[in-house]
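This is what each chain is made of:
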Amino acid sequence: MESILLLLHTESDGSLARPALEAFAAALSLGAELTVGLAGSTVQPAADRIAGAGAAVKRILAVAGPAFAEPRYATDAAAAEALARASGAPIVLAPSTSRWSRALPGVAFRLGGRVDTHATAIAEAGGAPAITRWFYRQRMEAVLTRSLRPWVVLLDSGCVPAWDGPTGQAVVESVALAPPATRTSVTGTRSPESGQQTIRPDARLLFVAGAGWTKKQADGAVHSADAEKLILDFLRLTQASLGGSKSLVDLSGEGEAVLRFMTHMNQIGQTGATPRHPKGLSTCCHGEEPHAVGWRFIGERRAINLDPNCGWARGKADVLYVADAFEVMAHLNRLLQ
Ligand SMILES: Cc1cc2nc3c(=O)[nH]c(=O)nc-3n(C[C@H](O)[C@H](O)[C@H](O)COP(=O)(O)OP(=O)(O)OC[C@H]3O[C@@H](n4cnc5c(N)ncnc54)[C@H](O)[C@@H]3O)c2cc1C
């Protein structure tokens, strides 16, 4: 098996986040000669975190320093390129973090190689790696190999369990690299308060709201204020991640007085996201194919719909509750409280 470089960037405290430890587990599973390349402001905690893998890791290389702390194309690409050249490995793996997803296609070009993104599995096939990825919004799965080297592969998160071995004391080889000129300086970070955050990739449950929440109900009236309260109470009580159908997020985008916390970032489906959660609960959503295709990686699917003939009933959900979601969610929230 050809030798591998695994590129990992560290967090601000020098640690490794879950996607990095998942990619490490995937790289180790190949049984090839493995070099780990670390980039970040400090790297020793990350190196010590993976030291328990022992001789399975041949070398740990690092580009470290304050210039490499913040996600920025120029510095991330320079660090990755220097690590790739220092390792000389024909296969370069990395987790699909936003940081590497942005920088590594350009790095593959600089190295004269090729890049493949969104790999969901990697395995050895005849002495070389073969990767698995999905095409056409998760409708077709393919296994690919490439003869061109270096081959850069970005591994999606949530596909293998994170490496959980013991920590140790690692020896890190520093790769000298003068920080490249940059035009971007990071002055701070602004993010929503954690209570307002509704997209939670690590949540055990995906809760999806469809346009039905905003439609006229049996009494002939719309009840969007009730819908908002029921959904927000449920999210607060369960810490589930919130998804939406296209119809619902489009309505919210038009400034209608419905579900104000819903944006296009929440959209699940063909033109939205394909998240990975162990379970999913769809409410007031018809379960049409362009929506349900975004549920490809949800482990167990349940739906609540008034219509016994909705899309979910046609093999797309494991369990369909033919019921009024307003009543079911109010009851669920009472039980959760
Ligand atoms: C090219 C293309 C790309 C698309 N991409 C996406 C995509 O990425 N994501 C996506 O979601 N859609 C996508 N769509 C749109 C998709 O086809 C559907 O139009 C959309 O998903 C419908 O949203 P909905 O199920 O929320 O709304 P509706 O179809 O209006 O369904 C509302 C449902 O709520 C139910 N309901 C109403 N009241 C209650 C109640 N009290 N209790 C329980 N159930 C109730 C109704 O029975 C109904 O089934 C795409 C379409 C195209 C053509």
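Just so it is clear, the structure is predicted and the values come from calculations on it, not from any experiment.

About the thresholds
- Residues numbered from 1 in each chain as written.
- Predicted model: local features only at pLDDT ≥ 70, side-chain atom pairs only at ≥ 80, totals over all residues.
- Pairing = 2+ DSSP bridges.
- Helix = DSSP H or I, 4+ residues; strand = E, 2+ residues; numbered from the N terminus.
- Contact = placed C-beta atoms within 7 Å.
- Axes fitted to C-alpha atoms, helices over the stretch in contact; angles between N-to-C directions.
- Near = placed C-beta within 6 Å.
- Nonpolar A, V, L, I, M, F, W, Y, C, P; charged D, E, K, R; others polar.
- Buried ≥ 20, exposed ≤ 12 C-beta atoms within 10 Å, placed from the backbone.
- Core = buried A, V, L, I, M, F, W, Y, C linked by C-beta atoms within 7 Å.

(A) The arrangement of the sheet that holds strand β5 (residues 114–125) in detail. As summarised here, the arrangement of the 9 strands in space is β7-β6-β5-β8-β4-β1-β2-β3-β9, forming an open sheet in which the pairing is mixed. The open sheet has two free edges, formed respectively by β7 (140–144) and β9 (173–174), since each of these has just one partner strand. Of the pairings in the sheet, the one linking strand β1 (residues 4–9) to strand β4 (residues 91–95) comprises 3 bridges and is parallel in character. By the bridge assignment, Leu6 is partnered in β4 with Leu93. Here helix α1 (residues 18–28) sits on the sheet in contact with β1, β2 (34–40), β4, β5 and β8 (151–155), set at roughly 145 degrees to β4. Against the sheet, helix α3 (residues 73–87) touches β1, β2, β3 (57–64) and β4, its axis set at about 155 degrees to β2.

(B) Quick look at the site of the ligand. Around the ligand sit 30 residues in total, of which Gly210, Gly212, Ser245, Lys246 and Gly269 are the nearest. Breaking the shell around the ligand down by element, the ones donating at least two residues are α6 (246–253), α7 (289–292), β13 (300–305) and α8 (325–336). Broken down by element, the shell around the ligand gets its largest block of residues, 3 residues, from α6. The class makeup of the residues in the shell around the ligand is 11 nonpolar, 14 polar and 5 charged.

(C) Spotlight on unusual backbone geometry. Residue Pro150 is bonded to the preceding Arg149 through a cis peptide linkage, with omega at -5 degrees. With respect to the helices and strands, Pro150 occurs in the loop between β7 and β8. In this structure, Tyr136 is a non-glycine residue whose phi angle is positive, near 50 degrees. Looking at where Tyr136 falls in the secondary structure, it is placed in the loop between β6 (128–135) and β7. A residue is classified by how many C-beta atoms lie within 10 Å of it, and Tyr136, with 8 of them, is exposed. One non-glycine residue, Gln138, adopts positive backbone phi at about 65 degrees. Examined against the element boundaries, Gln138 turns out to sit in the loop between β6 and β7. Residue class for Gln138 comes out partly exposed when judged on the 18 C-beta atoms lying within 10 Å of it.

(D) Examining the sheet that holds strand β10 (residues 205–209) more closely. Read across the open sheet, the 5 strands follow the order β11-β10-β12-β13-β14; overall the sheet is parallel. Pairing within the sheet leaves two strands with one partner each, and these edge strands are β11 (241–244) and β14 (319–322). Pairs of neighbouring strands in the sheet enclose a mean axial angle of 20 degrees, with direction left out of account.

(E) Structural context of the pairing of strand β12 (residues 279–283). For β12, the buried fraction is high: 4 of the 5 residues fall into the buried class. Looking at chain direction, β10 and β12 are connected through 5 bridges and run parallel. Bridging from a neighbouring strand, Ala209 pairs with Thr283 of β12. Pairing of β12 with β13, which is carried by 5 bridges, proceeds in the parallel orientation. Bridging from a neighbouring strand, Gly280 pairs with Arg301 of β13.

(F) The arrangement of the nonpolar core in detail. Formed by 57 residues in total, the largest nonpolar core has its most connected members in Leu6, Ala23, Ala80, Leu83, Leu93 and Leu104. Not counting chain neighbours up to four residues away, the residues in contact with Leu104 comprise Ala80, Ala94, Val115, Val152 and Leu154. Ranked by size, the runner-up nonpolar core spans 32 residues in total, among them Leu206, Ile231, Leu251 and Cys310.

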